[in-house]
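Below, each chain spelled out in residue letters.
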Amino acid sequence: MTGGKVDLALVREATRLELVKLLDGIPGTKAIVWDEKLAGPFSQVADYAFLRTHDVCKMYYINTSKLPSNTVAHIIFLTRPHTHLMDLINQQLRMEEALGGGKKDYHLWLVPRVSLLCEQRLEEHGVHGSLASIRELPLLLYRLDSDLASMELPMCFRDLHLDSDPSCLFLVAQALMTLQGVFGLIPNIYGKGTAAKQVYDLMVRMRREMGGNEPQVTPQIDQLILIDRSVDLITPLATQLTYDGLIDQFFTINNCTVKLPGEKFAAQSTTESNTNSNMDNSFSEIKTIQLNSSEELYSEIRDFNFSAVGPRLSHHAKSVVAQYEERHAAKTMGELKQFVQKIPQMEAYKQSVATHTAVAELIQERITKGIFWPALQMEQEFLKGLDTDKVNPFVEQCIAQKESLNTVLRLICLQCTVNNGLKPRVLEHYKRDIIHTYGYHHFLTLENLERAGLLFAHQGRSTYAVVRKTLQLTVDDVRTLCTRGESVMQVLTLLPCFLLYAPLSARLVEFLQVPGWRAITGVLQVLPGPTLTETQQLPSALRHRRGSGGSVQSGLEGSTALVFFIGGCTYSEIAALRFLSSRVDQGGPEYIIATTKIINGDTFLESIADPLPT
């Protein structure tokens, strides 16, 4: 997964250096006891083979069970700074002491920083003195792909809007300072939203504290664009229609991997293993698939609208057949040898096509049953601003039939957002129906949605119509986009994100480049939060030859922009920004994307939900 002009692999290497310093600072054999939620993201930084080269012999999980017997000299607890995890570490340390584990040294490494609350909790338990050392591992960004990084902070939006905890903004600012340490100072900074302004202020303070001792690195990133999730609450509530987005919606992508029902892959597995006549007929219930740009086919189709994925896979299947048919044209020994040499590559290609065909079939099964299409149609009506000011009959029907609560809440919150709130009687009607149908234990969830700004009483005239028209968020008919004789399928390939809707956040990024945010000041004024337009003065020795870097229009062609989503982003927004990057030959910048967490409609609402125990 090599990158473009800016390769995020350099961030991983910088993090590895920090990890190696800590590992090599503890001589002798080591066992790592993982925070289970941290083990997955950490695999993007260092796998087991890498850890073994630094004397890591065993790996376990932090839980209520005692650690297996081992002969290592050091046990390292590697965890996030959460007090409930300190409680589990206390239990495991107590069990180790009871079994006579006094000959070992115990260490605690907190990611990404040490927490005073965690240390206090350990002192309360009386095990703080049992730890030989407490260190922090400043692992802030996980590289997921050549153009994509995530901080893996799923509760960032909740922390900001429900718990009034801004600590995630400090971590975002730290992550950006780390990026600037690797790729140089970013001369132009733009942002929209309260969180964006707060992150910029923290960056300014951090630079001031460095006292001019910043790394003298030639700048490789020309623009930083900070997007506060609260500026665009519509996009995460809408159903994504990209291949990637639907995989995440139905099966959840974690750390570039997805776990799928194994039966769809049983046939191809049997074909691959047909030489083993005694093969066990049982097949794993779960199939784990790695998803990243190192696989050529996935890299090609991941951002397609799902309607365009089937025809593309069919084309590749025909290509596989055509490649194998070439063996009949081989007449000489030299030609046969060339064909045989290509077989491993052809087999990998065939396997890739079969795998993604099976994945597409699984998605197709999900979208053809239930209320997927009716709910999608209702979303489109809301996105066009139709009938958003009254109780919706379809939503009422969904509640009456006890459809998925996440689907119901997404529709209601989407209706509320585009209408700038619901009339009090409409809001109360929805809340009463949900409590009666799904149970009183969802009362806190409804309260949280109100506090998060997703479900609230009407607050004056809706500004969505102005935003929609100015930023061209929707089109009425995909055929109107076929301006140069393209087929509808060709347009769908290039219009991946939603059905006739472009993400508001991506439109803001696009309009920043051309014609510039000055042309949409009316829209920026009605969107929540301040607008940020700042420059960071570069040392004279590091200034670009293209120009002063003081304007977004200066040296736009061939430039690189980092878009950072604070509060999470969706695969649809990633697809939209990749589409804008594909037009770099038209004079726009190449985009790289970072976020606190990749989210979808369900995970977004689940991070806010707070159901009472039943």
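All of the points below concern the structure found in this document. (Residues numbered from 1 in each chain as written. Predicted model: local features only at pLDDT ≥ 70, side-chain atom pairs only at ≥ 80, totals over all residues. Heavy atoms only, no water.)

**Describing the overall build of the protein chain**
Secondary structure assignment for the protein chain yields 25 helices and 15 strands. Burial statistics for the protein chain: of 614 residues in total, 51% are counted as buried. For the protein chain, restricting intrachain contacts to residue pairs at least 6 apart in sequence, the fraction spanning at least 24 positions comes to 81%. Total accessible area computed for the protein chain in this model is approximately 28200 Å², and 52% of it derives from carbon and sulfur atoms. (Helix = DSSP H or I, 4+ residues; strand = E, 2+ residues; numbered from the N terminus. Buried < 20%, exposed > 50% of the residue type's maximum accessible area, 1.4 Å probe, protein only. Contact = heavy atoms within 4.5 Å. Areas by Shrake-Rupley, 256 points an atom, 1.4 Å probe, with all protein chains shown as cover.)

**So, empty space enclosed by the protein**
The tally for this structure, following the rule as stated, stands at three cavities of 30 Å³ or more. In this structure, the largest cavity encloses a volume near 190 Å³. Along the walls of the largest cavity sit 18 residues, with Leu144, Leu148, Cys256, Tyr571 and Ile598 positioned nearest its centre. Contributing elements (two or more residues each) for the lining of the largest cavity: strand E6 (142–145), strand E10 (253–254) and helix H24 (571–581). (1 Å grid on protein atoms, 1.4 Å probe; cavity = no way out; pocket = protein on both sides within 12 Å on 5 of 7 lines; lining within 4 Å. Points joined across faces, edges and corners; volume = space filled by probe spheres on them.)

**Let's talk about the layout of surface pockets**
Its volume calculated, the largest pocket comes out at about 1500 Å³. What lines the largest pocket is a set of 49 residues, and nearest its centre among them are Arg80, His82, Glu152, Leu153 and Pro154. At the level of secondary structure, the elements contributing two or more residues to the lining of the largest pocket comprise helix H2 (36–42), helix H5 (116–125), helix H6 (156–161), helix H7 (167–183), helix H10 (243–251), E10, strand E11 (257–261) and helix H25 (601–608). For the lining of the largest pocket, the leading source of residues is H2, giving five residues. Grouping the constituent residues of the lining of the largest pocket by class yields 24 nonpolar, 13 polar and 12 charged. (Nonpolar A, V, L, I, M, F, W, Y, C, P; charged D, E, K, R; others polar.)

**Points about the packing of aromatic side chains**
All chains considered together, the criterion is met by six aromatic pairs. Ring plane angle 65° and centroid distance 4.9 Å describe the contact between Trp34 and Phe42, whose orientation is recorded as edge-to-face. Exposure remark for Trp34: the relative accessible area of 6% places this residue in the buried category. In this structure Phe42 comes out as buried when scored by relative accessible area, which is 1%. Geometrically, the ring pair formed by Phe372 and Trp373 is edge-to-face, given 5.3 Å between the ring centres and 85° between the ring planes. Of the residues examined, Trp373 reaches a relative accessible area of 43% and is grouped as partly exposed. One aromatic cluster is present, formed by Phe250, Phe251, Phe372 and Trp373 through successive ring pairs. Looking at Arg16, its charged tip hangs above the ring of Phe50, at a distance of 4.4 Å from the centre. (Phe/Tyr/Trp six-rings, centres within 6.5 Å; stacked < 30°, edge-to-face > 60°. Lys NZ or Arg CZ within 6 Å of the ring centre and 35° of its normal.)

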